[in-house]
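# Results of the structural survey
Now for the letters of each chain:
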Amino acid sequence: MSTKEYTAEEVSKHTKEGDLWVIIDARVFDLSKFCGMHPGGLSVLLDEEVAGQDATEVFFGLHRAEVLEKPQYKRLQIGVIRGEASVIKAPVPGDISKVPYAEPTWLVDGFHSPYYTENHRKFQVEVRKFVDEFIYPEAQIKEEDGTRLSQELVDRMTAVNMHAMRMGPGKHLKGLTLMGGLVKPEEFDYFHELILTQEIARCGARGFGDGLLSGKVIGLPPVLNFGSEELKARIVPEVLQGKKFICLAISEAHAGSDVMGLQTTAIKSEDGKEWIINGSKKWITNGTFCDYFTVGCKTEDGFTVILVERGPGVETKPIKTSYSSTAGTAYITFDNARAPVGNTLGEEGGGIFVMLSNFNHERWVMCCSSARSQRAIVEECLKWSAQRKAFGKPLNTLAIIRSKLAAMISRAESTQNWLENITYQMCNMSYKQQAGKLAGQIAFLKAYSTSCGQQTATDAVQIFGGRGITRTGMGKFIEHAHRTTGFDALLGGAEDVLRDLGVRQALRSMPSDSRL
Ligand code: HEM
C-alpha cells in the first residue's frame, strides 16, 4: 500500500473517466482503470461531489468497510492525504468490538460478571483470534459456494483439540492438550464451551456453522455416553481427530419432534449378531459426508439407537434447504443396511432415554449460538443506522428506528443473561440433577431465544430496507440471518413443542398442597 502523500487540491484535478481519483478516509484511490468495472456503475463515480473529492461519507453509506480490504481493491490506493490520518480502523483478528451491545457484558470494559474466571477470559482471546483468522474467512466462502468445509480447517481445529472441546466437559478430554495447553482438561467447563460456540456463531454463516461438524456435536454424545468400551475405543478418537465424521439421524419424512412416530426399523439377523435396518431419514445435518450415523430405529422392544457405518445399503443424497449446502443436509436411505449388535447405544428399547439425555445439551448449544447471532445483528443495525442517512439525517435520529434497536438490544441481553444463569446451573449440577431440573428451563430458553432471533431478523430487514433482502453488500448478514433464523427455531424441537414441554415439566412438579 503506497504512503505517497497528496493534497486534496492535487486529487481534485482528476475528475474524468480514464483519469479519476477519490479520497476515502484520508486515503487516495486511483479509479481511472477500475471505474469502467465498478459494480455500482460509472456515472455515480463521475458525480461532481465524488470525482476528485472526499467521498468518505458517500462511500461508507454504500459499501461495507471490508471492500477496501480486499486485495483487488486495496491496490487501487495510490497514497494518503498529507497531514490527515485515517479514522476508520480495519478489524484486527481477535479484536473486541467497541460498538455498544456488540459484545456480551462480561467482555465490555468496566462491567463485572460472577461467572467468568481469568482462564475463561484468556480462552476467549485465543478462540476469537483462531476464529477470526481461520474459521471466519472460510465460512464466508463456503456459505456462498456450498462446498464442504476443508480438511485443512478440520486439521487446524484438531491441532488445538477444538472438536473435542465442542463436545463439552467430560472424560473425552482426558489427556488432551486444549488450546495449546491454555485450559486443563479437568478445568474445562460449560462456560468454556459457551465461549467456543458463541465465538464461532460470530461468523454469521448459519449453513457453514452447521457444516462445521455440528452433526458430531449431536451425533457423538450417544456413543460417548452409551456406547460399549470397544465401540468407543474404535470410533471416538478418529472422530475427535477429524479423520472420520458422524451425524445424528433421527428425523424422518414421517416424523420429526414426534420421536415415537418414527418408522425406520431394525430387526435382528437370524444369527442374532447384526441389526438389519430399513427406512429413511430426512434433514440430517452433515449426512452427505458422514462415515457414521447415530440412527433412531423402531425395534421389537420399542425405540433403539444404533450406530450405523456407511457401507452397503446406506445412501445419502443432498437436500436443498434455504441455507447453504455446505451444511451437508441429507436424505438418507437404509436398504437392508447392517450394523453389528455391538453398535447398539444404550439398552435395546431404551432409545428414548438416550435421545432425551442428548436433548438438553443439544438445545443449550443452540441457545448459545442463537444468542450470539442476534447480538451480531444488533451490531450491524447500530452501525448501519449511524452511517446511513435518510431525509438528510442518520437513520438513528428516527424514533421508530431507535424503538426497534431498543427491542433488539433487550432481546439479546435477556437471552444472554438467562443463558449464563442456566450455564452456571449446568456447571454445578450433577448430570441427573440437570436432566431433572433443567429440561424445562432449557426448552423455554431455546424457544425464547429463537423467537427473539426471528423478531430481531425481521426488525433488521425493516431497518436495512432493500439491502436486508440482498445477498451481497451492506445488508448481507441481515439477509442471511432473516433467511436462516428459522433453522434455529426448528432444529432441536419446534418452538411450540418446547414451550409445551417446559410447561408440562413444571406442572409435574406442582406441589399438591399449594392453594391460592
Ligand atoms: C475504492 C473505491 C471503490 C470501490 C473499490 C468500490 C467497489 C464497489 C463494490 C465491490 C460494489 C458492490 C457492492 C459491494 O460489494 O458492497 C460497489 C457498489 C457500489 N458503489 Fe462502489 N466502490 C468504490 C467507490 C465508490 C464511490 C466513491 C461511490 C460513490 C457514489 C460508489 C458507489 C457505489 C454504488 C452506488 C454501488 C451500488 C451499491 C448497492 O448496490 O447498494 N462506489 N462498489
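Rules and cut-offs
- Residues numbered from 1 in each chain as written.
- Predicted model: local features only at pLDDT ≥ 70, side-chain atom pairs only at ≥ 80, totals over all residues.
- Heavy atoms only, no water.
- Buried < 20%, exposed > 50% of the residue type's maximum accessible area, 1.4 Å probe, protein only.
- Helix = DSSP H or I, 4+ residues; strand = E, 2+ residues; numbered from the N terminus.
- Pairing = 2+ DSSP bridges.
- Domains from an automatic or database assignment.
- Contact = heavy atoms within 4.5 Å.
- Buried area = accessible area lost by both parts, 1.4 Å probe.
- Salt bridge = Lys/Arg side-chain N within 4 Å of Asp/Glu carboxyl O.
- Polar contact = N/O pair within 3.5 Å; in protein donor to acceptor, adjacent residues only side chain to side chain.
- Nonpolar A, V, L, I, M, F, W, Y, C, P; charged D, E, K, R; others polar.

### Quick look at the pairing of strand S9 (residues 292-299)
In summary, the side chains of a regular strand alternate between the two faces of the sheet. Judged by how many residues are buried, S9 sits mostly within the fold: seven of eight residues are covered. Sheet topology places S9 next to strand S10 (residues 302-309); eight bridges connect them, and they run antiparallel. Looking across to S10, one finds that Val295 is bridged to Ile306. Counted between consecutive antiparallel strands, the loop separating S9 from S10 contains two residues.

### Some details on the domain arrangement of the protein chain
Here the protein chain is partitioned into domain 1 (5-81), domain 2 (107-212), domain 3 (246-349) and domain 4 (358-508). Its C-alpha centre places domain 2 at a distance of 29 Å from the equivalent point of domain 3. Contact with domain 2, which involves 11 residues of that partner, is made by eight residues of domain 3. A combined buried area of about 760 Å² lies between domain 2 and domain 3, and 55% of that area is made up of carbon and sulfur atoms. Contact with domain 3 buries area across many residues of domain 2, yet Gly146, Arg148 and Asp210 alone supply 49% of it, more than any other trio. Applying the counting rule to domain 2 against domain 3 returns zero salt bridges. Along the contact surface separating domain 2 from domain 3 lie seven residue pairs in polar contact (both at pLDDT 80 or more). The element best represented in the side of domain 2 that touches domain 3 is helix H9 (residues 206-211), accounting for five residues. Its residues assigned to classes, the side of domain 2 that touches domain 3 shows two nonpolar, four polar and five charged.

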